Amino acid sequence: MINEALREINRGSAEIIDNERIEKLLKAYFEEGKTYTVKAGFDPTAPDLHLGHTVLLQKLAIFQKYGARVQFLIGSFTATIGDPTGKNITRKVLSKEDIVKNISSYTTQAFKILDESKTDIVYNDDWLGKMSAADMITLASNLTVARMLERDDFSKRFKSNTPIATSEFMYPLLQGYDSVYLKSDIEIGGTDQKFNLLMGRQLQKAYAIKKQQAVLMMPILEGLDGVQKMSKSLGNYIGVSDDANDMFGKVLSISDDLMWRYYELLSDKSLAEIAEIKEGVENETIHPKKAKEDLALEITARFHNEEASKNAKSEFEKVHAKSQIPTDIVKYKSDGDIWIAKALVDCNIEPSTSQARRDIKQGGVRINQEKISDDKLQLTTGEYLLQVGKRKFAKLKVS
């Protein structure tokens, strides 16, 4: 059983530090029924999670399967500083109001994957917000500026004379102190978080916690473009709260090569099952489209349900294979003439007027199923079927 658990825990991981400790924790669980804690931190910088976040959530669910209590840490305090990881400028600080708003949706989305009965939702404002100035100075004494500048992001900014706020130096220390306070046995995060994750081990030793957490790092999931990491700001994401039709269609839009990456990191299928599917595609007994459809059905069902995923597949075939329009299209109204780019934004099928203009010029926008090229077009009184790309539709009545 321990070997089976280790195989599932190791699956897809990029690096594990202190695998021996994980083995000991599993052994104690199987032989003595002892539980252990696995921490993962999420800064509430946006109201929605995407599939990139669920790579960690699914790994947490695996740990729960093998005796762990998950410490689902909401960075309610650290979000007011902003994680500098990978940033070439100082990150914008969130207001308390934004943080509270974003937190409310995180747990609802997370429990689509995690077992709520085996999860502790914790907020680091509960302990970090109570630290005194003396406590902060003691914490800061555990790290030198020279050590901090070894970080690639800080090093580049320092060499280019780009400002680095002192508060940003505190971020990895505060994240590490979370592990001290929670006495975490294991912490998981993305490969870009290695410095911060190791800080937890270092501080647990410095504060004489009598344990050092093991660290498991997962690779960063590529977005729909297959190049850059999945990100809302880059527009290459699949949101956990996306409707079923959109989620299904987005999964089908990924490349055949990227499909295997998604299978490994997002599917519940075993590695043996995935290898069998891949072999079938390679020897042409399984069509790549069928393999991708099965993945899209699995992911959509996870965040919606089986019926919704099957309906999404039928809708996709209706719209794309048969070039028909969707059954349910959201209707909007406009009082008076409206600029086409603004109409597309107001109908929630474009994120901005600048993106709308680009899509129009590239031939990606249709009105009443006819391509348009005039990005200055004014829509006058009438009813319009607006379409962006293959999946986004809206009906607009201008009066």
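Residues numbered from 1 in each chain as written. Predicted model: local features only at pLDDT ≥ 70, side-chain atom pairs only at ≥ 80, totals over all residues. Heavy atoms only, no water.

Trainee: Teacher, can you tell me more about the overall build of the chain here?
Mentor: Within the chain, the regular secondary structure consists of 17 helices and 13 strands. Overall, the chain is about 70 × 50 × 40 Å in size when its C-alpha atoms are taken along their principal axes. For the chain, the proportion of its 399 residues judged to be buried stands at 48%. When contacts within the chain are restricted to residue pairs at least 6 apart in sequence, long-range pairs at least 24 apart make up 70% of them. With an accessible surface of roughly 19800 Å², the chain has 49% of that area assigned to carbon and sulfur atoms. (Helix = DSSP H or I, 4+ residues; strand = E, 2+ residues; numbered from the N terminus. Buried < 20%, exposed > 50% of the residue type's maximum accessible area, 1.4 Å probe, protein only. Contact = heavy atoms within 4.5 Å. Areas by Shrake-Rupley, 256 points an atom, 1.4 Å probe, with all protein chains shown as cover.)

Trainee: Honestly, helix H17 (residues 353-361) in this entry has me stumped. Any pointers?
Mentor: One full turn of an α-helix is made of 3.6 residues, so residues set three or four places apart face in the same direction. Every buried residue belonging to H17 is among Ala-356, Asp-359 and Ile-360, and all of these are buried. Looking straight down H17, one finds its buried side chains confined to an arc of 100°; they lie on one side. Once H17 ends, the next one or two residues include Gly-363, with phi positive near 80°. (Arc of directions from axis to C-beta.)

Trainee: I would appreciate a short explanation of the packing of helix H9 (residues 166-182) against helix H10 (residues 194-206) in the present structure.
Mentor: Each pair of packed helices can be described by the angle between their axes along with the distance between the axes. Running from N to C, H9 and H10 cross one another at 50°; their axes reach a closest spacing of 7 Å. Judged by the angle between their axes, H9 and H10 are oblique. Read as a crossing pair, H9 and H10 show a hand that is right-handed. Residues Tyr-171, Pro-172, Leu-173, Gln-175, Gly-176, Tyr-177, Ser-179 and Val-180 of H9 form the contact with H10, whose own contacting residues are Phe-195, Asn-196, Leu-197, Met-199, Gly-200, Leu-203 and Gln-204. Tallied by class, the residues present in the contact of H9 with H10 amount to nine nonpolar, six polar and no charged. (Axes fitted to C-alpha atoms, helices over the stretch in contact; angles between N-to-C directions. Parallel < 35°, antiparallel > 145°, perpendicular 65-115°, else oblique. Left-handed = near helix turned anticlockwise from the far one by under 90°. Nonpolar A, V, L, I, M, F, W, Y, C, P; charged D, E, K, R; others polar.)

Trainee: So what exactly am I meant to see when it comes to the side chain of Asp-242 here?
Mentor: Secondary-structure assignment places Asp-242 in the loop between strand S6 (214-218) and helix H11 (244-252). Its relative accessible area of 11% is what places Asp-242 among the buried residues. Within the local environment of Asp-242, its side chain forms a polar contact with the backbone nitrogen of Gly-239, the two atoms lying 2.9 Å apart. Those residues in contact with Asp-242, other than ones at most four positions away along the chain, are Tyr-237, Met-247, Lys-250 and His-304. (Polar contact = N/O pair within 3.5 Å; in protein donor to acceptor, adjacent residues only side chain to side chain.)

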